[in-house]
Structures are given as structure tokens and as C-alpha cells.
Amino acid sequence: MSEEEKLLKEAKKLPWEDRLLHKNWKVRNEANLDLAALCDSIADPKDPRLREFGPLFRKTVADSNAPVQEKALDALIAFLRAADADAGRYAKEVCDAIVAKCLTGRPKTVEKAQAAFMLWVELEAVDVFLDTMEKAIKNKVAKAVVPAIDVMFQALSEFGAKIIPPKRILKMLPELFDHQDQNVRASSKGLTLELCRWIGKDPVKSILFEKMRDTMKKELEAELVNVTGTAKPTRKIRSEQDKEPEQEIASDVVGPGPSEEAVADAPQEIDEYELVDPVDILTPLEKSGFWEGVKATKWSERKEAVAELTKLASTKKIAPGDFTEISRTLKKLITDVNMAVAVEAIQAIGNLARGLRSHFSGSSRSLLPVLLEKLKEKKPTMTEALTQTLQAVHKAGCLNLVDVVEDVKAAVKNKVPLVRSLTLSWVTYCIETSGKAVVLKLHKDYVPICMECLNDGTPEVRDAAFSALAAIAKSVGMRPLERSLEKLDDVRKKKLSEMIGSSGGAVPTGTSAATVQASSGISSQWRLQTVHLLEGQLLACLVERGHFLLRILAKREALSNLVAARRERELHRLNLRKLLYLKMWSLWR
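This is a predicted model, so every value here is computed, not measured.

### Some details on the overall build of the protein chain
Phase 1 of the analysis: In terms of regular secondary structure, the protein chain is built from 31 helices and 0 strands.
Phase 2 of the analysis: Every one of the 589 residues in the protein chain was classed for burial, and the buried ones make up 43%.
Phase 3 of the analysis: Considering only residue pairs separated by 6 or more positions, the protein chain has 73% of its internal contacts joining residues 24 or more positions apart.

Given below as C-alpha cells:
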């Protein structure tokens, strides 16, 4: 037996750590082979030996000998296949070692390193994986950056956006677009296109395109044309794989349910708000001189101060903070004597609602009565600003109709018809954009309000009330309206039936109720109602101005007649004087 064989035989008696870190590379190589074989033979992921092996890999994958390093990666892959999510405790140190030593190695080494990363994702160590990738893409050697981008592409493609958070990848991409190496730029472009398949083109464009060079934009625009269809995950995390046998047994007992493909075909709804980081606007607002500006005597200075807030609040996501004093200031500015300042304040409220969402709920509740009261203004610019802000406050989740019943009741009793009609139009919009469960909670409060408004003396208010009732019927069916409809005459029943007829519903004439299914999406009823009201306002304004001009013309005509009469009297007096002088002259002679 040779010395080498004796050495290898004696080494087998050593503990695993001594064998894997032995000074002789052949001993280390054979130790990794044995460890891989042992891990392959372990069937129970709770086997105590796996806990013993876990801490060893952070050193073995960093082996200076390339063949031994490859065998260490093989052992790691076997270990990860045998282990469960509990192995995630070793992920950070092992992944850091792979990034530091394996991504610049031989092609086979890089391939095995990427396979190991994918298994870490499978074991739900996603955060550690992405943290490691953030370090990898900052490597000065481009050769190490490309495999990192490729493995992120592979992870997103196989596991999907539900497992791999798109937000983390979106944060990494901008610095890769300007990388000096063309291979890095090409890989980052491929990763961006893969993101578009999962979360849609529009969110990716709005978040990333402003940070790209024009050349990259053009290249991506050309490639985006080819991005079609909905992406589907092809690989599951380990916990989902473990549930598969149970689901198969359940399906045998219960019967076949909806197919997995049918579920996957449904497009994944991604909220762009969740993909971006919050931006602090309070600090720059303080530095801009906002508080001095809103107290200025000149309206232009007040408008400029509020415009700065509107601009800062236009960011997609605002960092939460104390906006109480800002809300109080805006509440005063809504009633500013200058229309331009008031409109700017209302627009600022809309932007704050979109950027803060639920964090702006308390402020929205206090601002709503003032906004509804302001609907009395007939200026189209004011009406448009109020419409957009009220829609934004509801759509952003700042307000729930259930919580503002008293404010709505007060608004529909306002002495100005325009306030009543536009308030009901806003209620209609809120109902149409709310889920069925929400409408079921609020219909008991709002049906009586609308029924009372059907007796209003203004046609626009009655029409808006009909629209609100139709929206409720489209959402939850006619049953909630049955008792109330008994009080209506046939003409009003027919009108309501026509309004909800497009959804297949009808007003019940007997004791049975016809259920009306709601069509998805935002109805245009609110917009149409607003347009009609604006047209009415404009016509009323023109008529009023016409009467005013006629009065002015009449006054001018009367004045000119008076002047003409005075002139005639003066001429008559002059003529009499001339005759008198001539008579006196003739007598004197």
C-alpha cells in the first residue's frame, strides 16, 4: 500500500471537519465525495447529522483548489436537497463565501454555485439570497456580476414574483444600466424584460425608465413589444412541495378542483405603490419656506408655497410622518379668498392621499366636510380639482363610506343643489369602486339617504340619487332595495330599471327580487354626471353674463338718449336766443 493510500485510509478515521479542511487536497477531495454520498442517502430532513454538516460549507466552498471546490459545491447541493428550511440558518455565511470565491471560477464551478443559490431559494432563504446578490453586483470584476444577474433571472423565472420580491430587484437594476461592461448591461436588460412578464410593462416603465439612459430606453422599448402573455412559476419552494401529496389525497376524496394551470393563468395584480421606496417630504418642505409662504399677504406667494407641497407630494409613495399641522393649514387654504390658492390646496390634498394612503386617514376625515362644502363653487377648475381629490381620497383607502355617513347626510341637506348632486355623484363613484362586502355593510345607511333625495326639487340631485341606487343594485342585487322600492311610483321604478338594465337587473314588481351582478371595473357614471353638471354650470354662467351685458347695453342706450335730448334742448335754446337778438337789433335800428 502506497503512502498516499495509507494517508487517505487514515484520514477516513478523522472527524468531518478535519477531513474537509485537511492540508492534503486529495483528502479534502475524497471527504467531499463521501459527504455528498452520505447526504444523498439521508431521507429525513430532521436527521441530526445535517445540523453537524451545515456550518462546514462556509469554509469548504472557499477551497483554493478548483477541483476540490467543485466537489465541495456538489456536497453542498446534496446537503440542501436533503435538508429543510431549518438549514436557512447557515445561508448567509455560505452564500457570502460562494459570492467571494465561486462566481469568478471555472464555468462548471459557476454553474454549480448558481444551482446552490437556487436551492437556497427553494428552502425559503430568499432574503439572504437577495442580500448576497446585492453584494455580488457591486463586484469590480464584471465576470462575477453577470452570473449574479443570471441567477436572479433564473430564480424569478422559475419561482415567480410571489417568491422573489420584484421590489428588491427593481432597486438593484438602475446601477447595472450604467455598468461599463456590455455583458452586464445585456444581462440587466434581460432581467428587466423578465420583470415585465411578471408585474407588467407599465410599473417597470414608470419606476425604471426615468433612471435609464436614452439608448437603453430605446433598446428596451423595442424588446418590450415581444413581451406577451402571463408568466407562470415552474418550480415550488420546499414547503409547497411537501403539501403536494396531501393535496393529491384530498383531491381523490373530494374530487377534482380548479386546475393549477387555470389558477396560474390569472394575471398577478401588482400594486406599483408596493414596489417603490417611501420618500421623506417633510424635511425638504421645511427648508422650502412653506410655513412662511402660506402666511404671506400676497396670494401669489401663498400659491407658490402650496405648489411646492403639491410638487413634493406628487411622489408615488410618501414616508409616514406628522402631517397634522399641514392638514390644518390646507383646511384653511381651501377657503382662501383667492381661487387659485384654494385649487392648489385641494390638489395638494389629493397628492398627499395618493402618497400616504392609510396614513392620511385621520386628516382626510377632518378635511372631507370642507371639501364637500366647497362643491358649491361653480368654477369648472374648482369642480375638477374637487372631483379628482375626492376620488383620490377614496381610491387610496383614506376614507370608507361607512365611516363618513354623517358627513354625507349633512352634505345632501346643503341648501346649494350643486353640493347635494355632486356629493351623491361622489358616493356613486365610491360604491362602484368598492367590493361587494363593503357595499353590503354600507347599503343600510345610504339607501335611505338616496331615497330621500329622490324627492329633491332639483333634477340633477334626483338623477344623482338614482345613479347611487343603481350602483348599489349592480353591486349587491335588488334585495336591499326591495322595501324602499315599494314606496316608489311606477315612473321612478321604470327609470331605475333602465339605469341598471345594462347589467341584466330589473326592479321587482312583486315579492321576488331579481339579483343583479356587478360588472368589474370603474363605471363612467361619476364622470358623466360631473360633465353634465359642468355643462349646466357653464350654461348658467353664460346666461347670467348675457343678462348682465343686456342690462349694461340698456343703461348705455338710456344714457345716450338722455344726452341726445339734452343736446336738442341746448340747440333749441340757442336758436331762441338768436331770434331774440335779431328782433332786438331790428328794433334798435
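### Thoughts on the packing of helix α11 (residues 166-177) against helix α12 (residues 182-199)
Phase 1 of the analysis: Their axes nearest at 10 Å, the elements α11 and α12 cross at an angle of 150°. Of the possible angle classes, the one that applies to α11 and α12 is roughly antiparallel. You can see that α11 and α12 cross each other, and the crossing is left-handed. From α11, P166, I169, L170, L173, L176 and F177 reach across to α12, where they touch V184, R185, S188, L191, T192, L195 and I199.
Phase 2 of the analysis: Its residues assigned to classes, the contact of α11 with α12 shows 10 nonpolar, 2 polar and 1 charged.

### Focus: the confidence of the model for the protein chain
Atomic detail in the predicted coordinates should be set aside for any region of low pLDDT.
Phase 1 of the analysis: Per-residue confidence for the protein chain gives a mean pLDDT of 83, with 86% of residues at or over 70.
Phase 2 of the analysis: This model gives residues 250-255 a pLDDT under 50, and the stretch forms 2 contacts once residues within four places in sequence are excluded.
Phase 3 of the analysis: Segment residues 257-267: pLDDT under 50, and 7 contacts once partners within four positions in sequence are set aside and those in other chains are kept.

### Digging into unusual backbone geometry
Phase 1 of the analysis: You will see that E124, though not glycine, has its phi angle at about 70°, which is positive.
Phase 2 of the analysis: Tracing the chain through its elements places E124 in the loop between α8 (107-122) and α9 (126-136).
Phase 3 of the analysis: Taking the relative accessible area as the measure of exposure, E124 reaches 41% and is therefore partly exposed.
Phase 4 of the analysis: For R357, which is not glycine, the phi dihedral falls at a positive 55°.

### What about the packing of helix α23 (residues 361-373) against helix α26 (residues 417-432)?
Phase 1 of the analysis: Put simply, α23 and α26 touch, their axes get as near as 9 Å, and they point 130° apart. As judged from the angle between their axes, α23 and α26 are oblique. Residues L368, L372 and E373 of α23 form the contact with α26, whose participating residues are V419, T423 and W426.
Phase 2 of the analysis: In terms of residue class, the contact of α23 with α26 is made up of 4 nonpolar, 1 polar and 1 charged.

### Details of the state of the cysteines
Phase 1 of the analysis: What the rule picks out here adds up to 0 disulfides.
Phase 2 of the analysis: In this model C450 remains outside any disulfide bridge; the closest cysteine sulfur is found in C453, 6.5 Å from its own.
Phase 3 of the analysis: C450 gets classed as buried once you look at its relative accessible area, which sits at 1%.

### Remarks on the nonpolar core
Phase 1 of the analysis: F53, L76, F79, W120 and I164 are the most contacted members of the largest nonpolar core, which has 86 residues in total.
Phase 2 of the analysis: No other element matches helix α10 (residues 142-159), which puts 11 residues into this core.
Phase 3 of the analysis: Not counting residues within four places of it along the chain, the set of residues in contact with I164 comprises V121, V126, L130, A155, L156, F159 and I169.

### Notes on the packing of aromatic side chains
Phase 1 of the analysis: As enumerated under the stated definition, the model contains 4 aromatic pairs in all.
Phase 2 of the analysis: Here F57 and F79 contribute two aromatic rings whose centre-to-centre distance is 5.1 Å and whose plane-to-plane angle is 40°, an arrangement assigned as tilted. Taken together, the positions of F57 in helix α5 (residues 57-60) and F79 in helix α6 (residues 66-82) put the pair 22 residues apart, joining distant regions of the chain.
Phase 3 of the analysis: With relative accessibility at 1%, the residue F79 sits in the buried group.
Phase 4 of the analysis: Ring plane angle 55° and centroid distance 6.0 Å describe the contact between F117 and F129, whose orientation is recorded as tilted. Placement of the pair is F117 in helix α8 and F129 in helix α9, with a sequence separation of 12 residues. For the residue pair F117 and F129, the accessibility class agrees, reading buried in each case.
Phase 5 of the analysis: The ring of W16 is capped by R19, whose NZ or CZ atom sits 5.1 Å from the centre of that ring.
Phase 6 of the analysis: Taking NZ or CZ as reference, R357 lies 3.9 Å from the ring centre of Y273, over its face.

The rules we used
- Counting starts from 1 at the beginning of each chain's written sequence and moves along it residue by residue.
- This being a predicted model, a pLDDT of at least 70 is required before a residue's local features are given, and a value of 80 or more before pairs of side-chain atoms are given or counted; all residues contribute to the totals for chains, interfaces and linings.
- Hydrogens and water molecules were not included; the side-chain quantities draw on all heavy atoms of the structure.
- By the criteria applied, helices consist of DSSP H or I runs no shorter than four residues and strands consist of E runs no shorter than two, each listed in order from the N terminus.
- Any residue under 20% of the maximum accessible area for its type is buried, any over 50% is exposed, and the rest in between are partly exposed; the area is computed with a 1.4 Å probe on protein chains only.
- What makes two residues a contact is simply this: any of their non-hydrogen atoms within 4.5 Å.
- In this analysis an axis means a line fitted to C-alpha atoms, helices contributing only their contacting stretch, and an angle means the value between N-to-C directions, from 0 to 180 degrees.
- An angle below 35 degrees is treated as roughly parallel, one above 145 as roughly antiparallel, one from 65 to 115 as roughly perpendicular, and anything else as oblique.
- Helix crossings fall into two classes, left-handed where the near helix is turned counterclockwise from the far one by less than a right angle and right-handed where it is turned clockwise.
- The classification used treats Ala, Val, Leu, Ile, Met, Phe, Trp, Tyr, Cys and Pro as nonpolar, Asp, Glu, Lys and Arg as charged, and all other residues, Gly among them, as polar.
- Along the chain, pLDDT gives the predictor's confidence residue by residue, from 0 to 100.
- A pair of cysteine sulfur atoms is labelled a disulfide when the two atoms are within 2.5 Å.
- Among buried residues, those of type Ala, Val, Leu, Ile, Met, Phe, Trp, Tyr and Cys that are joined through side-chain atoms within 4.5 Å constitute a nonpolar core.
- Pairing of aromatic side chains here covers Phe, Tyr and the six-membered ring of Trp, requires ring centres within 6.5 Å, and sorts the geometry by plane angle: under 30 degrees stacked, over 60 edge-to-face, intermediate tilted.
- Our definition puts a charge over a ring when NZ of Lys or CZ of Arg is within 6 Å of the ring centre and also within 35 degrees of the ring normal.

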